[in-house]
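Descriptive structure summary
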Amino acid sequence: MSGLPVPHGLDAEGFIAREGSLARVQDAFRPVVAAARDGLSETFGGRLHSGYLYGSVPRGTARVERSDLDLLVALREEPTEADRTALTALGTALDRRFPEIDGVGPLLYSEGRLLSDAERYDMGWFLACLCTPLFGDDLAGRLPRYRPTPRLARETNGDLAALLPRWRERIAAAADSEEARRPLVRFMSRHLVRTGFTLVMPRWNGWTSDLAEMAEVFGAYHPRRAAQIRVAARYGHEPVGNAAILRGYVEDLGPWLAGEYARVHGVKTRCPGDPA
């Protein structure tokens, strides 16, 4: 296809190469990364198994005052609501202390859940391929290697139809202000672009985490929806708190993408404990 980026992101054997490295963290973000590491140790102590960075900071593409700090935390046991509250509080404190970042995105799981069969092609893949070890024993060594297959596509992003009702609730509950809607636009834009990309990922046979490139790969296979995904990729980096954008996501682009995903790859298998 004309203009389609050459597939990449795989190793010599065709497996998805792990992204990111602590060596790629830019100097501006090193203090907040160090503070996050210390804060996690103080918050969870011996219950903490390992911690990881993901997103633009370990890829070395973060922008000062524009990018958030993304963390994945693995506990030795199942996290409690108190654990989740404590992690959210730590993220809020880091965001206030360090103007270099625009928010903190923390994920919290148990070691057992991340290594479970139910998560093998979702959070297991996410940790093994998209997360950079920050401290502790790296769980990636206990997980398989992954190829860009239809099964991976289904189990990572085949749940959009189930998510859309919750997205509508979040939009309805948000304050009527641009400031309140901007984080929703950024989150939903990124999610839709990534879902669009993984829809066509097995055909492209490569991997990328760059939103703009994801949009270009998707657009080569679905030209009628290409402009929408390109705009979503832009809003994933530069969000605006426009209510019309959110309505378009949950009333048009999201439902179409969910239906196409189910047709091509099927629906993601529910993990035990997931909301119905």
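As shown above, the structure is provided for reference.
A brief structural summary.

Attention now goes to the overall build of the protein chain. A tally of helices and strands in the protein chain yields eleven helices and four strands. Projecting the C-alpha coordinates of the protein chain onto the three principal axes gives extents of approximately 50 × 50 × 40 Å. The burial tally for the protein chain puts 49% of its 276 residues in the buried class. Of the side-chain charges in the protein chain, 36 are positive and 36 negative, and the distance between the mean point of each set is 4 Å.

This part is about helix α6 (residues 150-157). Taken as a whole, α6 has its buried residues at Leu 152, Ala 153, Glu 155, Thr 156 and Asn 157. Contacts made by the buried residues of α6 are with α5 (123-130), α7 (160-173), α8 (178-204) and α11 (243-265).

With that settled, consider the sheet that holds strand β4 (residues 131-136). Strand pairing in a sheet relies on backbone hydrogen bonds, with the paired strands running either antiparallel or parallel. If you walk across this open sheet you meet the four strands as β3-β2-β1-β4, and the pairing is mixed. One side of each edge strand has no neighbouring strand; the edge strands of this open sheet are β3 (104-110) and β4. When the angles between neighbouring strand axes are averaged without regard to direction, this sheet yields 25°. Here strand β2 (residues 69-75) runs beside β3; their pairing, made up of seven bridges, is parallel. Counterpart to Ala 74 in the pairing with β3 is Tyr 109. Of the strands in this sheet, β1 (48-54), β2, β3 and β4 are in contact with helix α1 (residues 30-44), which crosses β2 at around 30°. On top of the sheet, helix α3 (residues 81-97) reaches β2 and β3; it is set at about 155° to β3, its chief contact.

Below, the discussion takes up the packing of helix α9 (residues 211-221) against helix α10 (residues 223-237). As a packed pair, α9 and α10 sit with axes 8 Å apart at the nearest point and diverge in direction by 175°. By the criterion of interaxial angle, the relationship of α9 to α10 is roughly antiparallel. Counting all contacts with α9, which are made through Leu 211, Ala 212, Ala 215, Glu 216, Phe 218, Gly 219, Ala 220 and Tyr 221, the residues of α10 involved are Pro 223, Arg 225, Ala 226, Ile 229, Arg 230, Ala 233, Gly 236 and His 237. Its residues assigned to classes, the contact of α9 with α10 comprises ten nonpolar, three polar and three charged.

Here we take up the nonpolar core. Membership of the largest hydrophobic core comes to 55 residues, with the highest contact counts inside it found for Leu 72, Trp 125, Phe 126, Leu 127, Trp 167, Trp 207 and Tyr 249. Tallying contributions element by element places α8 first for this core, with ten residues. With residues near it in sequence (within four places) discarded, Leu 72 still touches Ser 50, Gly 51, Tyr 52, Tyr 54, Leu 107, Tyr 109, Met 123, Phe 126, Leu 127 and Cys 131. Formed by 25 residues, the second largest nonpolar core is a distinct cluster that contains Val 25, Leu 53, Leu 69 and Val 104.

Glancing now at the packing of α8 against α9. Between two packed helices, what matters for the description is the angle formed by their axes and the separation of those axes. Contact geometry of α8 with α9 gives a least axis separation of 8 Å together with a crossing angle of 55°. Looking at the two axes, α8 sits oblique to α9. Here the hand of the crossing between α8 and α9 comes out left-handed. Across the interface between the two elements, Arg 190, Val 193, Arg 194, Gly 196, Phe 197, Leu 199, Val 200, Arg 203 and Trp 204 from α8 touch Leu 211, Met 214, Ala 215, Val 217, Phe 218 and Tyr 221 from α9. Along the lines of polarity and charge, the residues of the contact of α8 with α9 split into eleven nonpolar, one polar and three charged.

This part covers α3. The end-to-end C-alpha distance of α3 is 24 Å, a good match for the 24 Å that 17 residues give at a rise of 1.5 Å each. The set of residues buried in α3 consists of Asp 83, Leu 87, Leu 90, Gly 91 and Leu 94. Each buried residue of α3 sits inside an arc of 100° when the element is viewed along its axis, so together they form one side. In α3, those exposed residues whose orientation departs by more than 90 degrees from the buried face are Glu 81, Ala 82, Thr 85 and Arg 96. Packing partners of the buried residues in α3 comprise α1, β2 and β3.

Conventions used here
- Residues numbered from 1 in each chain as written.
- Predicted model: local features only at pLDDT ≥ 70, side-chain atom pairs only at ≥ 80, totals over all residues.
- Heavy atoms only, no water.
- Helix = DSSP H or I, 4+ residues; strand = E, 2+ residues; numbered from the N terminus.
- Buried < 20%, exposed > 50% of the residue type's maximum accessible area, 1.4 Å probe, protein only.
- Lys, Arg positive; Asp, Glu negative; His and termini not counted.
- Charge placed at Lys NZ, Arg CZ, Asp CG, Glu CD.
- Contact = heavy atoms within 4.5 Å.
- Pairing = 2+ DSSP bridges.
- Axes fitted to C-alpha atoms, helices over the stretch in contact; angles between N-to-C directions.
- Parallel < 35°, antiparallel > 145°, perpendicular 65-115°, else oblique.
- Nonpolar A, V, L, I, M, F, W, Y, C, P; charged D, E, K, R; others polar.
- Core = buried A, V, L, I, M, F, W, Y, C linked by side-chain atoms within 4.5 Å.
- Left-handed = near helix turned anticlockwise from the far one by under 90°.
- Expected span 1.5 Å × (residues − 1).
- Arc of directions from axis to C-beta.

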